[in-house]
Each structure stands twice: as C-alpha cells, then as structure tokens.
Amino acid sequence: MTRVLVLQGPNLNLLGTRQPEIYGRMTLDEIHAGLARQARELGHAIDFFQSNHEGALIDRLHQRDFDVAIVNAAGLTHTSVSLRDALLAVARPFIEVHLSDPSTREPFRQVNLLHDIAVESIVGQGPGGYTRALESIDRRVAAGELPR
Ligand code: DQA
C-alpha cells in the first residue's frame, strides 16, 4: 500500500464555477471522490489537501506522512521557489498535474518551477489527468520505481 497525497494549490477550491471553459465543470470534491474510489480499488491510501496559501501547502508537505504526491500547484507552479524547495526538501517523488496545458497559454505560464523535478507531468487532460496520475503511480509502484 502506497500513501498518496493529493496537493491542490490556490483557486482550485473554485473548480466547477471557475472559468469552466478552461477548467471544466467538475468540482474539486467530485474529483477527489473519484480518486478516493480509484485508490480504494487499487489498494492505496490517499489524502487530499487544498490551500490558497503557499505556506500552508509547504507545511502540509513537511508532515512527510506520504510516499508519493500528486501536485497541482496551480499559479504557484509559475512563481514559487519555496514550494519547489519544499518538494525537494521532503524528498518524496511527485507527479505534476494541470487540468489545462499551461505551455499553450499566456507566456507567464510557460515558466514552470516544478516540471524538471517531477517524475512525470500530465497536462491538458482535465480531471482525467488526476486519474492518469494515480494509474501511473500504481504502475510505477508495481514496477518497483516508486515506494510501496
Ligand atoms: C492550472 C494551470 C495554472 O496555470 C493556473 O494558474 C491554475 C490551474 C491547471 O490545472 O490547469 O490555477 O494549474
């Protein structure tokens, strides 16, 4: 059993109503309910944390009570040296997820401070990106590439 932390950054609590033409109509609770079901089926433990505050996200990582993370750092992806440092400091592998594909959007979204330290980046697949991230974790754990 792998302990997975799903870390969600600023404004993702507004999914469902936030720019639905970009992010879709699914709420964060609906996405998390689907992931919880999927984790149960795969036999992994999963925990969820969303915050609009950089320090709260960093404090959650410092708890180190997980083996692997799925991280959508939202806008902090493009700005936060501190979140990058925290991910390196706790030394837990993570998969980066974005609902949209930031690399095809405004130029400031093309700066990504997490991409090069992520095991994998899944972008532009909407809520399905989270499902694929958990599938990928399961595959990598089975292959011995990630801790179980
Ligand atoms: C996002 C992309 C980011 O550029 C943006 O700031 C978000 C959401 C995504 O999931 O597509 O808040 O991370």
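Residues numbered from 1 in each chain as written. Predicted model: local features only at pLDDT ≥ 70, side-chain atom pairs only at ≥ 80, totals over all residues. Heavy atoms only, no water.

### Description of the environment of Leu-134
How we decide: Strands here mean DSSP runs of E at least two residues long; helices mean DSSP runs of H or I at least four residues long; both are numbered from the N terminus. Accessibility here uses a 1.4 Å probe with only protein chains present; expressed as a share of the type maximum, an area under 20% marks a residue as buried, one over 50% as exposed, and anything in between as partly exposed.
Within the fold, Leu-134 resides in helix H5 (residues 128–142). Residue class for Leu-134 comes out buried when judged on its relative accessible area of 0%. Sequence-wise, Leu-134 and Ile-70 are 64 residues apart; in three dimensions their C-alpha atoms are separated by 7.8 Å.

### Remarks on the layout of surface pockets
Our working definition: Cavities and pockets are found on a 1 Å grid laid over the protein atoms alone: a cavity is a set of points where a 1.4 Å probe fits but cannot escape, a pocket is an open set with protein on both sides within 12 Å along at least five of seven lines, and a lining residue has an atom within 4 Å of such a point. Grid points are joined across faces, edges and corners, and a volume is the space filled by probe spheres set on the points. Classes in brief: Ala, Val, Leu, Ile, Met, Phe, Trp, Tyr, Cys and Pro nonpolar; Asp, Glu, Lys and Arg charged; the others, Gly included, polar.
A volume near 160 Å³ is recorded for the largest pocket. Contributing to the lining of the largest pocket are 15 residues, with Arg-18, Tyr-23, Ala-74, Gly-75 and Arg-109 lying nearest its centre. A per-class count over the lining of the largest pocket returns six nonpolar, six polar and three charged.

### Quick word on helix H3 (residues 54–62)
Heads up, the condition is: Working definition: the arc comes from the directions between the helix axis and the C-beta atoms, pointing outward to the latter. Contacts are assigned to residue pairs with any non-hydrogen atoms lying within 4.5 Å of each other.
Those residues of H3 not exposed but buried are Leu-57, Ile-58, Arg-60 and Leu-61. Along the long axis of H3, the arc covered by the buried residues comes to 155°, so they all point the same way. Close packing links the buried residues of H3 with strand S1 (3–8), strand S2 (45–50) and helix H4 (81–90). Two residues or fewer after H3 comes Arg-64, characterised by a positive phi angle close to 50°.

### So, the confidence of the model for the protein chain
The following threshold applies: Summary of the metric used: pLDDT quantifies the predictor's per-residue confidence within the range 0 to 100.
With 100% of its residues at a pLDDT of 70 or more, the protein chain has an overall mean of 98. Ranking the elements of the protein chain by mean pLDDT puts helix H1 (residues 20–23) last with 97 and H3 first with 99.

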